[in-house]
Amino acid sequence: HPHLRGDYTFENFVIGENNSFAANAAIAIAKNPGTSYNPCLIYGGVGLGKTHLVQSIGNAAHMNFDAFKVVYVTSETFTNEFIQAIKDGKNAQFKSRYRNVDLLLIDDIQFLQGKDQTQEELFHTFNALYDANKQMVFTCDRPVSELKNLTARLQSRFERGLNVDLQPPNFETRYAILKRKIEEKGVDISDEVITLICNRITTNVRDLEAALTKLIAYADLLNKRVTLEIAEQQLKDVFNNTRTGNISIDVIQKVVADHYSLSHNDMRGKKRTKAIAFPRQIAMYIVREITEYSTTEVGLAFGGRDHTTVMHACQRVESRMKTDSALEPTIQQLIRSIKEYGT
Ligand code: ADP
Ligand code: MG
């Protein structure tokens, strides 16, 4: 199938407790599209397998049903094609392309934010397919409720049906994913090196795979065995740059509090004086930048605040960075200190 990667299959997808709900929903959909779980929306952070899973649905449905029409697009491609169709006066072709499918897979719907006309078009596409009992599966990098600049009626369509999330994999699942890859390629990477990678890259399967790929290339090109020392050395930058979900909110609060001469409790307390409120917002912003905690979890860790408070804090910090050129370097320095904390 032209739009689908052949290796994004259920067979190649390792199921762990972090993704079993989503994976089983996807498998069920591929067996019985357009019935129980329509639409389905899979959400979760970057590199957790959203694209792999939706494409697996497409690949499996293609195998299961004759002449089954599958369309897979990212929401960006959908937007671009729509704009192009308007320019070329080919609206009708665009509509019929998307309304005559058995299975529509749209990846990364967060890119539809603020694109009102595209949202309008998708809304009508949705209704046409829904009424015809055609299956739709969407992915998003966050829960739909956290999207901004999305029309209420399209939001309600996305929230209809089943919304399931992908969580970061636990150690065993990370290990199983790498083991699978190593066996597939028939390469010799020791278990202690796999353990190192799995300990240091905790939240992003793409980073996990990239680390392994680098070591395999190293072994292959230099014809050397990858020792633990070599792995540490070669993956230094990968380890430093991965979104490290194992950094605790506590550590972030402590480092930021320390920098602004505040107490750890100030971060979680109710005081709203400027001297406390802004550092607290910076800490929330950093948590969102370098960990996978949801805004709800972050709010709870900051004294039981609402998730909208966290979203507001992040916006506040972002807009301050635009006017205060010293802020971004400060935040980068804080992030470095946080990552070095306790090492
Ligand atoms: P997302 O779309 O959520 O950013 P991807 O689907 O692109 O993530 O996944 C990133 C990489 O990790 C892909 O190469 C994918 O095959 C792999 N991957 C993610 N989860 C798993 C899993 N459970 N088992 C095997 N490979 C996985
Ligand atoms: Mg993706």
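The structure we're discussing is the one just above.
Rules behind the numbers
- Residues numbered from 1 in each chain as written.
- Chains lettered and ligands numbered in written order.
- Predicted model: local features only at pLDDT ≥ 70, side-chain atom pairs only at ≥ 80, totals over all residues.
- Heavy atoms only, no water.
- Near = heavy atom within 4 Å.
- Polar contact = N/O pair within 3.5 Å; in protein donor to acceptor, adjacent residues only side chain to side chain.
- Areas by Shrake-Rupley, 256 points an atom, 1.4 Å probe, with all protein chains shown as cover.
- Nonpolar A, V, L, I, M, F, W, Y, C, P; charged D, E, K, R; others polar.
- Domains from an automatic or database assignment.
- Helix = DSSP H or I, 4+ residues; strand = E, 2+ residues; numbered from the N terminus.
- Buried < 20%, exposed > 50% of the residue type's maximum accessible area, 1.4 Å probe, protein only.
- Phe/Tyr/Trp six-rings, centres within 6.5 Å; stacked < 30°, edge-to-face > 60°.
- Lys NZ or Arg CZ within 6 Å of the ring centre and 35° of its normal.
- Core = buried A, V, L, I, M, F, W, Y, C linked by side-chain atoms within 4.5 Å.
- Contact = heavy atoms within 4.5 Å.
- Pairing = 2+ DSSP bridges.
- Axes fitted to C-alpha atoms, helices over the stretch in contact; angles between N-to-C directions.

Caption draft 1: Spotlight on the site of ligand 1. Around ligand 1 there are 17 residues in total, and Val-14, Gly-47, His-52, Arg-206 and Glu-209 lie nearest to it. Residue Thr-51 places a side-chain N or O atom 2.8 Å away from an oxygen atom belonging to ligand 1. Interatomic distance of 2.8 Å between a side-chain N/O atom of Arg-206 and an oxygen atom of ligand 1. Surface burial for ligand 1 is 91%, taken as the share of its 560 Å² of free accessible area covered by protein chains. Partitioned by chemical class, the residues of the shell around ligand 1 number 7 nonpolar, 7 polar and 3 charged. The residue makeup of the shell around ligand 1 includes at least three contributed by each of domain 1 (20-165) and domain 2 (171-241).

Caption draft 2: Broad picture of unusual backbone geometry. The step from Asn-38 to Pro-39 runs through a cis peptide bond, and the omega angle for that step is -5°. One can find Pro-39 in the loop between α1 (20-31) and β1 (40-43). Not every positive phi belongs to a glycine, and Asp-108 is a case in point at roughly 60°. Turning to its location among the elements, Asp-108 is positioned in the loop between β3 (103-107) and α5 (116-131). A positive phi angle is found at Ser-261, which is not glycine, with a value near 55°. Ser-261 gets classed as exposed once you look at its relative accessible area, which sits at 67%.

Caption draft 3: Quick peek at the packing of aromatic side chains. One pass over the structure, following the stated rule, counts 9 aromatic pairs. Centroid distance Phe-94 to Tyr-98: 4.9 Å. Interplanar angle 45°. Geometry classified as tilted. Within this pair, Phe-94 and its partner Tyr-98 are both found in helix α4 (residues 91-99), separated by 4 residues, close to a single helical turn. Residues Phe-171 and Tyr-175 carry aromatic rings whose centres are separated by 5.9 Å and whose planes lie at 35° to one another, so their mutual orientation is tilted. Of the two residues, Phe-171 and Tyr-175 both sit in helix α7 (residues 171-185), 4 residues apart, roughly one turn of that helix. The exposure class assigned to Phe-171 is partly exposed, which follows from its relative accessible area of 27%. Against the face of Tyr-8 rests Arg-5, its NZ or CZ located 4.3 Å from the ring centre. Its guanidinium or amino end placed over the ring of Phe-123, Arg-153 lies 3.9 Å from that ring's centre, counting from NZ or CZ.

Caption draft 4: Inspection of the nonpolar core at higher detail. Grouped together as the largest cluster of nonpolar side chains are 30 residues, with contacts concentrated most on Ile-252, Ile-282, Ile-286, Phe-302, Val-317, Ile-331 and Ile-338. When contributions to this core are tallied by element, the ones reaching two or more residues are α12 (249-259), α14 (274-290), α16 (307-323) and α17 (327-340). Looking at which element gives the most residues to this core, the answer is α14, with 9 residues. Every residue in contact with Phe-302, bar those within four places of it in the chain, is listed here: Ile-249, Gln-253, Met-267, Arg-268, Arg-280, Ala-283, Met-284 and Val-287. Of all hydrophobic cores here, the second largest spans 26 residues; its members include Phe-13, Val-70, Leu-105 and Val-164.

Caption draft 5: Layout of the sheet that holds strand β4 (residues 135-140). Across the sheet, 5 strands lie side by side as β2-β3-β4-β1-β5; this open sheet has parallel pairing. Of all strands in the sheet, those bounded by a partner on one side alone are β2 (70-74) and β5 (162-165). On average, each strand axis in the sheet is inclined to that of its neighbour by 15°, with strand direction left out of account. In the sheet, β1 pairs with β4 via 4 bridges, with the strands oriented parallel. Note on β4: the bridge partner recorded for Cys-40 is Val-137. Across the sheet, helix α2 (residues 50-64) touches β1, β2, β3 and β4, and the angle it forms with β3 is around 165°.

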